[in-house]
Amino acid sequence: MKSKPEQLYLNLLKKTLAFTLWPEPPIDLGKYNYSLNPIKRSVFSLIGFILRRSRFTLCEKRALTETERLEGKIWPPGYGDTMIGIKRLENIQDCVETVIREKVEGDFIETGVWRGGACIFMRAILAAHQVDNRKVFLADSFEGLPEPDPDKWPGDADDKHFAYDFLAVSQEEVENNFRKYDLLDDQVVFIKGFFKDTLPNAPIGKLSILRLDGDMYESTMVALENLYPKLTPGGFCIIDDFSLDGAKAAVQDYRRTHGIDEKIENIDWTGVYWRKARL
Ligand SMILES: C[S@@+](CC[C@H](N)C(=O)[O-])C[C@H]1O[C@@H](n2cnc3c(N)ncnc32)[C@H](O)[C@@H]1O
């Protein structure tokens, strides 16, 4: 075994952030019950309420394959600090190490951070390579997704993500997650609010990594419109949620409108990326 210490650290961190070192524990049905029909949900709520009085929790045991865990196919997400799985974390590492190695100028941003794990990993890669002149921006409402605005964004008409409470993770919780890994410092910058309000005037200069994970048409399009022009040629645009109709349509519309024809590469069943062509 000849891996360098920084690679061993980053490998361990990927497994820790994605929670693949341990068997996936059962999930609390009181919290993750949105997919149950109303009758089942009421019955489980009642049983859960009775059990909680005796300090028990009603849980569902999860049967996940190794592949599902590697590819972040855990929905609703359970215990990881990120839901993106090992393959998409590896893609972040490849892209970040490439821009460092090739000196592509610019900071990193993820739009849609949830518990912060993907951004914790970006900050960790900078630490592992002793890079102190790049920042990691985290853009999120820290309150979950916006309600669809179908008049402005017809592609979001049936979107239900705003109703999933478990997607609302507070900034305080994300900061605490960074602290767990000793990675919260002034290279980490929070941009709190809905993208349409924050991104047009965000204090962001050049970017070399633009990672989008906002799930909806609006969230993806607003991020692309405001941030893609800041991506340095040679930088990477990563789309986490290309399997979702809204996000995919926004990417396709933006690329068509702006004549972007760099090849889209697949990461796994949902993640894709392309590298902005050098001029
Ligand atoms: C799928 S989760 C992100 C998962 C995360 N990248 C990870 O590593 O696990 C989507 C996140 O996007 C945020 N979000 C989506 N649309 C948004 C918008 N328009 N404005 C602000 N936050 C948004 C939600 O609050 C949520 O935290």
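Remember, predicted model here, so these are calculated numbers, not experimental data. (Residues numbered from 1 in each chain as written. Predicted model: local features only at pLDDT ≥ 70, side-chain atom pairs only at ≥ 80, totals over all residues.)

1. Topic: the overall build of the chain
In terms of helices and strands, the chain carries nine helices and nine strands. Based on the C-alpha atoms only, the size of the chain along its principal axes is roughly 65 × 55 × 35 Å. Taking all 279 residues of the chain together, 38% fall into the buried category. Taking contacts inside the chain between residues at least 6 apart in sequence as the whole, the part at least 24 apart equals 77%. (Helix = DSSP H or I, 4+ residues; strand = E, 2+ residues; numbered from the N terminus. Buried ≥ 20, exposed ≤ 12 C-beta atoms within 10 Å, placed from the backbone. Contact = placed C-beta atoms within 7 Å.)

2. A closer look at the sheet that holds strand S4 (residues 136-140)
Two pairing modes exist for strands in a sheet, parallel and antiparallel, and in both the strands are linked by backbone hydrogen bonds. Here seven strands make up an open sheet; going across it, the order is S5-S4-S3-S6-S7-S9-S8 and the pairing mixed. Two strands close off the open sheet at either side, each with one partner strand: strand S5 (188-192) and strand S8 (265-266). As judged from the five bridges shared by strand S3 (residues 107-111) and strand S6 (residues 207-212), these two strands associate in the parallel manner. Note that in S6 the partner of Asp107 across the bridge is Leu207. (Pairing = 2+ DSSP bridges.)

3. What to know about the environment of Thr20
Looking at the secondary structure, you find Thr20 in the loop between helix H1 (5-17) and strand S1 (27-28). Considering only alpha carbons, one finds Thr20 and Val188, 168 residues apart in sequence, at a separation of 25 Å. If we ignore the near neighbours within four places in the chain, the residues touching Thr20 are Lys15, Arg69 and Ile86.

4. Notes on the site of the ligand
Not every one of the 25 residues close to the ligand is listed here, only the nearest: Thr82, Gly112, Trp114, Ala118 and Ser219. Looking at the shell around the ligand residue by residue, the class counts come to 12 nonpolar, seven polar and six charged. (Near = placed C-beta within 6 Å. Nonpolar A, V, L, I, M, F, W, Y, C, P; charged D, E, K, R; others polar.)

5. Let's talk about the nonpolar core
Membership of the largest hydrophobic core comes to 62 residues, with the highest contact counts inside it found for Phe121, Met122 and Ile209. Residue contributions to this core peak at eight residues, all from helix H5 (residues 117-128). Those residues within four positions of Phe121 in sequence are excluded, and the remaining contacts are Leu13, Lys14, Leu17, Leu89 and Ile92. (Core = buried A, V, L, I, M, F, W, Y, C linked by C-beta atoms within 7 Å.)

6. Regarding the domain arrangement of the chain
Along its sequence, the chain is organised into domain 1 (26-61) and domain 2 (85-275). Relative placement of domain 1 and domain 2: their C-alpha centres are 33 Å apart. (Domains from an automatic or database assignment.)

7. Observations concerning the packing of helix H8 (residues 217-227) against helix H9 (residues 245-257)
At a minimum axis separation of 7 Å, H8 and H9 run at an interaxial angle of 30°. In terms of orientation, H8 and H9 fall into the roughly parallel class. Judged by the sense of rotation from one axis to the other, the crossing of H8 with H9 is right-handed. Here H8 contributes Tyr217, Thr220, Met221 and Leu224 to the contact with H9, which in turn contributes Gly246, Ala247, Ala249, Ala250, Val251 and Tyr254. Its residues assigned to classes, the contact of H8 with H9 shows eight nonpolar, two polar and no charged. (Axes fitted to C-alpha atoms, helices over the stretch in contact; angles between N-to-C directions. Parallel < 35°, antiparallel > 145°, perpendicular 65-115°, else oblique. Left-handed = near helix turned anticlockwise from the far one by under 90°.)

8. Quick notes on H1
End to end, H1 covers 18 Å across 13 residues, agreeing with the expected 18 Å (1.5 Å per residue, within 8%). All of the buried residues along H1 are Leu10, Leu13, Lys14 and Leu17. Buried residues of H1, seen end-on, are gathered within an arc of 105° and therefore sit on one face of the element. Residues of H1 that are exposed and angled more than 90 degrees away from the buried face: Pro5, Leu8 and Leu12. Buried residues in H1 make contact with helix H4 (85-101) and H5. Positive phi shows up at Phe19, right after H1, with a value of about 60°. (Expected span 1.5 Å × (residues − 1). Arc of directions from axis to C-beta.)

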